[in-house]
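Listed below, chain by chain, are the residues.
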Amino acid sequence: MRELKRRGMRLLYLTNENRRTVEAWVQRLQAMGIPAAPHEILTSALLAARYVKRHYPQRRILPVGATGLLTALQAQGLTLVERPEEAEVVVMGRAPGFDTVALDRVCQAIWRGAVFVATNLDRCVPVEGGLQPAAGPMIQAVAWATGVEPIVVGKPSRWAAETAIEILGIDPAHGAVVGDQLDQDVRMGKCAGLQTVLVLSGATRAYDVIGSPEEERPDVVLPDIT
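Conventions and cut-offs
- Residues numbered from 1 in each chain as written.
- Predicted model: local features only at pLDDT ≥ 70, side-chain atom pairs only at ≥ 80, totals over all residues.
- Heavy atoms only, no water.
- Helix = DSSP H or I, 4+ residues; strand = E, 2+ residues; numbered from the N terminus.
- Rg over C-alpha atoms; globule rule 2.2 N^0.38 Å.
- Buried < 20%, exposed > 50% of the residue type's maximum accessible area, 1.4 Å probe, protein only.
- Contact = heavy atoms within 4.5 Å.
- Areas by Shrake-Rupley, 256 points an atom, 1.4 Å probe, with all protein chains shown as cover.
- Lys, Arg positive; Asp, Glu negative; His and termini not counted.
- Charge placed at Lys NZ, Arg CZ, Asp CG, Glu CD.
- Salt bridge = Lys/Arg side-chain N within 4 Å of Asp/Glu carboxyl O.
- Pairing = 2+ DSSP bridges.
- Phe/Tyr/Trp six-rings, centres within 6.5 Å; stacked < 30°, edge-to-face > 60°.
- Lys NZ or Arg CZ within 6 Å of the ring centre and 35° of its normal.
- Axes fitted to C-alpha atoms, helices over the stretch in contact; angles between N-to-C directions.
- Core = buried A, V, L, I, M, F, W, Y, C linked by side-chain atoms within 4.5 Å.

Asks: Give me the overall build of the protein: which residues, what numbers.
Replies: Within the protein, the secondary structure is distributed over nine helices and 12 strands. A compact globule built from 226 residues would reach a C-alpha radius of gyration of about 17 Å, and the protein, at 18 Å, matches this within 12%. Expressed as lengths along the three principal axes of its C-alpha atoms, the size of the protein is roughly 50 × 35 × 35 Å. Here the protein holds 226 residues, and 44% of them are scored as buried. Restricting the contact set of the protein to residue pairs at least 6 apart, pairs at least 24 apart contribute 62%. About 12100 Å² of surface is accessible on the protein, with carbon and sulfur atoms providing 52% of the total. Charged side chains in the protein number 24 positive and 25 negative. The centres of these two groups are separated by 4 Å.

Asks: Before we move on, can you summarise the pattern of salt bridges with the specific residues and values?
Replies: With the rule as written, the count across this model stands at 12 salt bridges. In this structure, Arg20 engages Glu17 in a salt bridge whose closest nitrogen and oxygen atoms are separated by 3.5 Å. What emerges from the salt-bridge pattern is a single network uniting Glu3, Arg6 and Arg7.

Asks: Describe the pairing of strand E8 (residues 130-133), and please don't skip the residues or the numbers.
Replies: Every other side chain in a regular strand lies on the same face of the sheet, so the side chains alternate between the two faces. Looking at chain direction, strand E7 (residues 124-127) and E8 are connected through four bridges and run antiparallel. If you follow Val127 over to E8, its bridge partner there is Gly130. Once E7 ends, the chain turns through two residues before running back antiparallel as E8, passing Gly129 with a positive phi of about 95°.

Asks: Kindly report on the packing of aromatic side chains, identifying the contributing residues and their values.
Replies: According to the stated counting rule, one finds two aromatic pairs in the structure shown. On the basis of an interplanar angle of 55° and a centroid distance of 6.5 Å, the ring pair of Tyr51 and Tyr56 is categorised as tilted. In this pair, the class of Tyr51 matches that of Tyr56, namely buried. Plain terms: the ring middles of Tyr51 and Trp159 are 5.2 Å apart, the flat faces sit at 90° to each other, and that makes the pair edge-to-face. With a gap of 108 residues between them, Tyr51 in helix H3 (residues 44-55) and Trp159 in helix H7 (residues 158-168) connect regions that are remote in the sequence. This pair shows no difference in class: Tyr51 is buried, exactly as Trp159 is. Among the aromatic residues, ring-to-ring pairing joins Tyr51, Tyr56 and Trp159 into one connected group. Lying across the ring of Trp25, Arg20 places its NZ or CZ 5.2 Å from the centre.

Asks: Quick rundown of the sheet that holds strand E11 (residues 195-199)? Include the residues and the values.
Replies: Strands belonging to one sheet form pairs held by backbone hydrogen bonds; the direction of such a pair is parallel or antiparallel. Strand order in the open sheet made by the three strands is E10-E11-E12, with parallel pairing throughout. Edge positions in the sheet fall to strand E10 (176-179) and strand E12 (220-222), since each has one partner strand and no second. Between one strand axis and the next, the sheet turns through 20° on average, direction left out of account. One ladder, built from three bridges, connects E11 with E12; its direction is parallel. By the bridge assignment for E12, Val197 is matched with Val220. Across the sheet, helix H8 (residues 182-191) is in contact with E10 and E11; its angle to E11 comes to roughly 165°.

Asks: Explain H7 residue by residue, including any values.
Replies: Looking only at H7, the buried set comprises Trp159, Ala160, Ala161, Thr163, Ala164, Ile165 and Leu168. Backbone geometry just after H7 places Gly169 at a positive phi near 70°.

Asks: Which residues make up the nonpolar core, and what values do they have?
Replies: In this structure, Val52, Ile61, Leu73, Val89, Val91, Val117 and Val153 are the most contacted members of the largest nonpolar core, which totals 29 residues. At the level of elements, H3, helix H4 (67-75), strand E5 (89-92), strand E6 (115-118) and H7 are the ones that each hand at least two residues to this core. Ignoring sequence-local partners within four residues, the contact set of Val153 consists of Ser44, Leu47, Ala48, Tyr51, Val117, Ala118, Thr119, Trp159 and Ala160. With 19 residues, the next largest nonpolar core counts Val64, Val81, Ala114 and Ala135 among its residues.

Fair warning: the whole summary comes from geometry, so function is off the table for now.
Here you go:
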């Protein structure tokens, strides 16, 4: 990553994780020896906040999530509320302690007509010792109960790719997305006209690429990021 920066390339670290703040991500990456600055971090919480600011700047927001999401929404100067009857937009990410009380609260807001915005629909996240449910199961519970599908702003949405392109200030033809997931990283890149590089050091194996439709295959497949 240092070599890419030395060559003058602009970088963004794009993640669907939405519980951590930008500062927490910078510290985590730097602790791994990866040179990262706050302006190079783009989380699905930031994507959600930018989306709402662009499309619903004057609406009252019911946030459902952790510190990362709340901080991102507050940074955009949006009006946050706690009562479902006051909400005009629900913005939902991975919420700690999400239970039936929280489910009812969110559903009440949407039943009353609030717009439903979600950070991402990831099913699970890897943790030490296995997996944990991610934001997707919580968000899908709300969608199932209300019959309202959310506007998803994280990977693999076009909004995520176009926001990254806008921040970097590049033409899509001069950008590339590098990731380890066909259905998120590669799909997002292709829908926005970016070059796509799949690395096999994470969620995807070579046989997954062979078995995928030709139009969904990455431009380049590499064993790892190096």
